[in-house]
Amino acid sequence: MAQQAYRYDQRAQENRQPRLKVRQGGRAASSRLDTLKKVSLTAVMLALVCSVLYSQAQLSELTMDIQTYQSQLSQAKSDYNYLSGQLSSKTNMKNVEQVATDQLGLVKLDPAQVTYFTLENESKVDKPENGAQKIMGWLEAGLKSLTDNLVS
């Protein structure tokens, strides 16, 4: 029995002390995970920096395009204002009258050239057919305008 007791005591001592297993590289797995985290964080930061730089480049390019188009717009507005002024000066009524009298030989309407018809009971106007009636009409209109001018 003494041998068994001895064995028993030896087993008790073995049970009291925890069994430790030694592994090589146990810390290495944790180190790899930390390295992977650092690399992925660096990759994400690099991607963010690249995207910010790219958006800034696009922004500056679009800003330059906007400035170019604004300068073209202001030039077009200036041309429009100039051409509008030229058109208004050419179509001014005084210029139109001057061109009509100088180049086309037109004259202003004389009140003697206007004939008024009154239709009291008739629904038609008889036009003189021969030259004598036309001349009499012109003389009558001329006398009428002369008397209107003298009375006024």
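As the structure is a computational prediction, the values presented were derived from the model and not from experiment. (Residues numbered from 1 in each chain as written. Predicted model: local features only at pLDDT ≥ 70, side-chain atom pairs only at ≥ 80, totals over all residues. Heavy atoms only, no water.)

Enquirer: Whenever I open this one, the overall build of the protein confuses me. Can you help?
Expert: Scanning the protein from N- to C-terminus turns up four helices and zero strands. From first element to last, N terminus to C terminus, the protein shows the α and β order α-α-α-α. Classification of the 152 residues of the protein by burial places 2% in the buried group. (Helix = DSSP H or I, 4+ residues; strand = E, 2+ residues; numbered from the N terminus. Buried < 20%, exposed > 50% of the residue type's maximum accessible area, 1.4 Å probe, protein only.)

Enquirer: Is there a simple way to think about the confidence of the model for the protein in this case?
Expert: Detailed reading of the predicted coordinates is not advisable wherever pLDDT falls low. Per-residue confidence for the protein gives a mean pLDDT of 81, with 76% of residues at or over 70. Considering each helix and strand of the protein separately, the mean pLDDT is smallest for helix α1 (residues 2-16), with a value of 56, and largest for helix α2 (residues 26-90), with 91. (pLDDT = per-residue confidence, 0-100.)

Enquirer: How do you make sense of the environment of Ser71 when you look at a structure like this?
Expert: For Ser71, the position within the fold is in helix α2. There is a polar contact of 2.7 Å between the side chain of Ser71 and the backbone oxygen of Thr68. (Polar contact = N/O pair within 3.5 Å; in protein donor to acceptor, adjacent residues only side chain to side chain.)

Enquirer: I'm lost on a nonpolar patch on the surface in this one. Help?
Expert: Where nonpolar side chains cluster on the molecular surface, the patch consists of Leu41, Val44, Met45 and Leu48 and spans about 390 Å² of accessible area. Relative to the helices and strands, Met45 is located in helix α2. (Patch = residues over 30% accessible without salt bridge, like charges linked within 9 Å, V, L, I, M, F, W, Y side chains within 5 Å. Areas by Shrake-Rupley, 256 points an atom, 1.4 Å probe, with all protein chains shown as cover. Salt bridge = Lys/Arg side-chain N within 4 Å of Asp/Glu carboxyl O.)

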